[in-house]
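One-letter residues, chain by chain:
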Amino acid sequence: MLVPPLFTVRGSNYAGLMTDVVKRATALLSSPRFIWSIIAFGITLRVVRFAANRSLWGDEGALALNIVNKPLPDLFGQLDFLQGAPAGYLAAQEMTTALLGDTEPALRLVALLSGIAALVVFAFAARRLVGAPAAGLAIVLFALSEPLVYYSSEVKQYATDTAVATILLLGAVAVDWHRWRPAALALVAAAGSVLIWFSHPSLIMLPSLIVALLVARRFEGDTQSLRRIAASAAVMSVSGAIAYLVSRRNTSAVAEAALGPGGGADGITSPLSNVWDAVADPVGIAYSVTGLAFAVACLGVLALMRRNLEAALVVVSPIAATVIAALLDLYPFSGRFVLFLVPCATLLVAAGLWELVHFAADRRHAFAAVSAGLVLGYPSVTAVENLVSPPGHEEVKTVLRHIESEWQPGDTLYVWFQSQYPFRYYAECEECDVLAPEGPASTVWPREPRNLSKNYALETHPPDLYVSGQPKGLDEYARDLEPLSGKRRVWLLFSSSWNDDFVRYLLDCRGVRLDERRAERAVAYLYDLATPSRRPGSCA
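These numbers were taken from a predicted model, which means no experiment stands behind them. (Residues numbered from 1 in each chain as written. Predicted model: local features only at pLDDT ≥ 70, side-chain atom pairs only at ≥ 80, totals over all residues. Heavy atoms only, no water.)

(A) A look at the overall build of the chain. A tally of helices and strands in the chain yields 21 helices and five strands. The globule rule puts the C-alpha radius of gyration for 540 residues at 24 Å, and the 27 Å found for the chain is close to it. With respect to the principal axes defined by its C-alpha atoms, the chain has extents near 80 × 75 × 45 Å. Within the chain, the proportion of its 540 residues that are buried is 53%. Of the contacts made within the chain by residues no fewer than 6 positions apart, 74% connect residues no fewer than 24 positions apart. (Helix = DSSP H or I, 4+ residues; strand = E, 2+ residues; numbered from the N terminus. Rg over C-alpha atoms; globule rule 2.2 N^0.38 Å. Buried < 20%, exposed > 50% of the residue type's maximum accessible area, 1.4 Å probe, protein only. Contact = heavy atoms within 4.5 Å.)

Shown next as C-alpha cells:
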C-alpha cells in the first residue's frame, strides 16, 4: 500500500520554502507593530481578569485583613495569619486603599499595574538579551502565560516580584558601566536600593545579576566596569540588609511553613523535581511538553553563551541562585514563590525555539514548527478561553450571598479554617456589597480585629459562630463538628481544601441536609442537626 508523502515539496523547492518561512517569521517577530499588538493583547488579558473581580481566596483574605486593619507602621512589623509581604509593597497597598477604599479592585490594583509594567519592561529587556526574532517569541509566551495573567489580579505580591525582576534584568544589560558618568551610576544604585523593598526575591535576583556582570566583565578584562559594579553593589547591599532585617520575622515564618520545620527539601530530589514542575506552574507551558520545553531551554542556554556570554549569565544566574537557595533550604522553589523567574525561563525557551528554527531551515525539517506549536499551543488556547470566560478560584462570594439570602434569626454558622479570612473580610467590607450587617456578618467575633489570636481571624462564639480547627484525619473532622450536634439550623462554610465527601457523610449521618450551594472550590451547607438522620442504617 502506497502512503502519500507528508510534504509534496521536495529538494531545492522545499529548501526555498523553509528559507522563505524563516524570513517571514523573522520579519513578523521583529516587527514593532506585531510586538505592540501582542503587548496590547497581554494587557487586555490582565485587565479583563481584573475586571472579572473573582472572590478573594484564603491567603488573599488573610493579607487583605492585615492591610485593611493595621496602620502603616504596624505593617512593617510581624503580620497576622502567617503572612509576609515586602514593606514597599505593603506601603503601596496602604496608600491605594486609603485613596480608593477597601474593595477587591482597590486591593488588586497594585498587582494589575505591576503585571502591565512587567510585560512592557520585559519586551525591552528581551530585545537586548536574546535579539529581535527570539524576543518576539519570548514576548508572546510572557503575554499569554496564565500564571502571570492570574497573579496580575491577586492581592498577594507575586506580580510585583515579577515586575521588579524584569526591571532588574533590563537594568543589568541597559546600563553602560564603562561609559556612564558616576552621577548616573549613583542613580542606578539608588533605584536598585529602592526596588529591593518591593520584592523579597530581589534579595536573590539582584546579587545573582551582580555576580553575573562581574564574571562577564572579568572575562573581558574591563577593570573600570568591575570597580563601578562593585561600588554600586556595596550601596545596594546596605539597603538589602535593612530590608531583610525589617521583614525577617514574616519571611522566616512563611518560609518555615512552605519548607517545613526542618526544611522542605528532600535532599536534592525535591528542589530539582520542583524545577521540572515549574515549566507548567508558574511558566505556563503545558505539563505534557515539559521535557521538550526543558530541552529547548537548554538549547537556548547554549545559543546565548555562543552569541553573548554576558546575556547568558544574566538570564541563567537568577535561576541557578534560586535552585541553590532551595537546595540549602533557604527558599522554596515552587509555584508562586518562583514567579519572578518566569522572565528568565521564558527567554531561554524562546532563544532555544529560535535556534531550532535555524536548525530546521538548514536541514529541511518541520521539527521547529511542531516544537513551537507544542510550546505555544497551550498558552494560546488557554488565553483565549479565559478571555472569553474568566475563571474563578475560590468563589466564596457566591456561597456567602446564598447564605445571606436564606439566613434566619437564630441560625448558627460554622466556618472552615481557610474560609475565615475571606469571610471576615467580606463581613467588614461594606463597599463590597456581599454581606449585610444583620445577616451572617453579625456572627463575627471578636468585634475588634485587634483582639485576634495569631493565626485566627475569628473565634468560636457559641451559639452563633463556630470556627474549625485544622483537622487532617477523619477522627479530627468528627471531633471538630461535634459541638454542632442538636442545633436546628446550622450553616457550614467551606473553601479551599477540605474532605468534602467525609464531611457530607458525617453530617448526613448526624442530621438532615436542608440546603446546599456550590461554587468553584467553595460550598455552603445548611443542616438540621437536631432531627435524626434519615439514613442511619448506612452510617458506620
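(B) Looking closely at a nonpolar patch on the surface. On the surface, a nonpolar cluster with roughly 580 Å² of combined accessible area is contributed by V211, V215, F219, L302, M305 and L309. Elements with a minimum of two residues in the nonpolar patch: helix 11 (202-220) and helix 14 (290-307). Among the elements that make up the nonpolar patch, the one with the highest residue count is helix 11 (three residues). (Patch = residues over 30% accessible without salt bridge, like charges linked within 9 Å, V, L, I, M, F, W, Y side chains within 5 Å. Areas by Shrake-Rupley, 256 points an atom, 1.4 Å probe, with all protein chains shown as cover. Salt bridge = Lys/Arg side-chain N within 4 Å of Asp/Glu carboxyl O.)

(C) Region of the structure containing the pattern of salt bridges. Within the structure shown, the criterion is met by 24 salt bridges. The salt bridge involving E60 is made with R108; its shortest N-O contact spans 3.1 Å. Linking E60 in helix 3 (residues 58-69) with R108 in helix 6 (residues 104-130), this pair joins segments that are 48 residues apart in sequence. Its relative accessible area of 0% is what places E60 among the buried residues. Among the ionic pairs, R307 bridges to E355, the shortest N-O distance being 2.5 Å.

(D) Representation of the packing of helix 7 (residues 132-144) against helix 17 (residues 367-388) in the model. Running from amino to carboxyl end, helix 7 crosses helix 17 at an angle of 40°, the nearest separation of the two axes being 9 Å. With respect to their mutual orientation, helix 7 and helix 17 come out oblique. Crossing handedness for the pair helix 7 and helix 17: left-handed. Across the interface between the two elements, L137, V140, L141 and L144 of helix 7 pack against V375, L376, P379, S380 and A383 of helix 17. (Axes fitted to C-alpha atoms, helices over the stretch in contact; angles between N-to-C directions. Parallel < 35°, antiparallel > 145°, perpendicular 65-115°, else oblique. Left-handed = near helix turned anticlockwise from the far one by under 90°.)

(E) Representation of the side chain of R217 in the model. Looking at the secondary structure, you find R217 in helix 11. Setting aside anything within four residues of it in sequence, one finds R217 in contact with W177, D222, S225, L226, I229 and E310.

(F) How the structure looks around the nonpolar core. L129, V314 and L347 are the most contacted members of the largest nonpolar core, which has 96 residues in total. A per-element tally of this core places helix 16 (residues 342-363) first, with twelve residues. The contact partners of V314, leaving out residues within four places of it in the chain, are L129, L169, A172, V173, L209, A212 and L213. Membership of the second largest hydrophobic core comes to 44 residues, among which are L90, V110, V399 and V434. (Core = buried A, V, L, I, M, F, W, Y, C linked by side-chain atoms within 4.5 Å.)

(G) Fine view of the confidence of the model for the chain. Here the chain averages 90 in pLDDT, and 92% of its residues register 70 or above. A low-confidence stretch, residues 1-11 stays under pLDDT 50, and its non-local contacts, those more than four residues away or across chains, total six contacts. (pLDDT = per-residue confidence, 0-100.)

(H) Representation of the packing of aromatic side chains within the structure. The full count for this structure, using the stated rule, is 19 aromatic pairs. For the ring pair Y331 and F340, a centre distance of 6.3 Å and an interplane angle of 90° mean the geometry is edge-to-face. One exposure class covers both Y331 and F340, and it is buried. Relative to W498, the ring of F494 lies with its centre 5.8 Å away and its plane at 25°, an arrangement referred to as stacked. Classification of F494 by relative accessible area gives buried; the value is 1%. The class of W498 is buried, set by a relative accessible area of 18%. By the ring-pair criterion, three or more aromatic residues cluster together here, those being Y414, W416, Y477, F494, W498, F502, Y505, Y525 and Y527. (Phe/Tyr/Trp six-rings, centres within 6.5 Å; stacked < 30°, edge-to-face > 60°.)

(I) Examining the pairing of strand 3 (residues 490-495) more closely. Along strand 3, six of the six residues are buried, which leaves the element largely enclosed by surrounding structure. Going residue by residue along strand 3, you find V490, L492 and F494 tucked away on one face and W491, L493 and S495 tucked away on the opposite face as well. Looking at chain direction, strand 1 (residues 412-415) and strand 3 are connected through four bridges and run parallel. Looking at strand 3, one finds that Y414 is bridged to L492. Pairing between strand 3 and strand 5 (residues 522-528): six bridges, direction antiparallel. Counterpart to W491 in the pairing with strand 5 is L526. (Pairing = 2+ DSSP bridges.)

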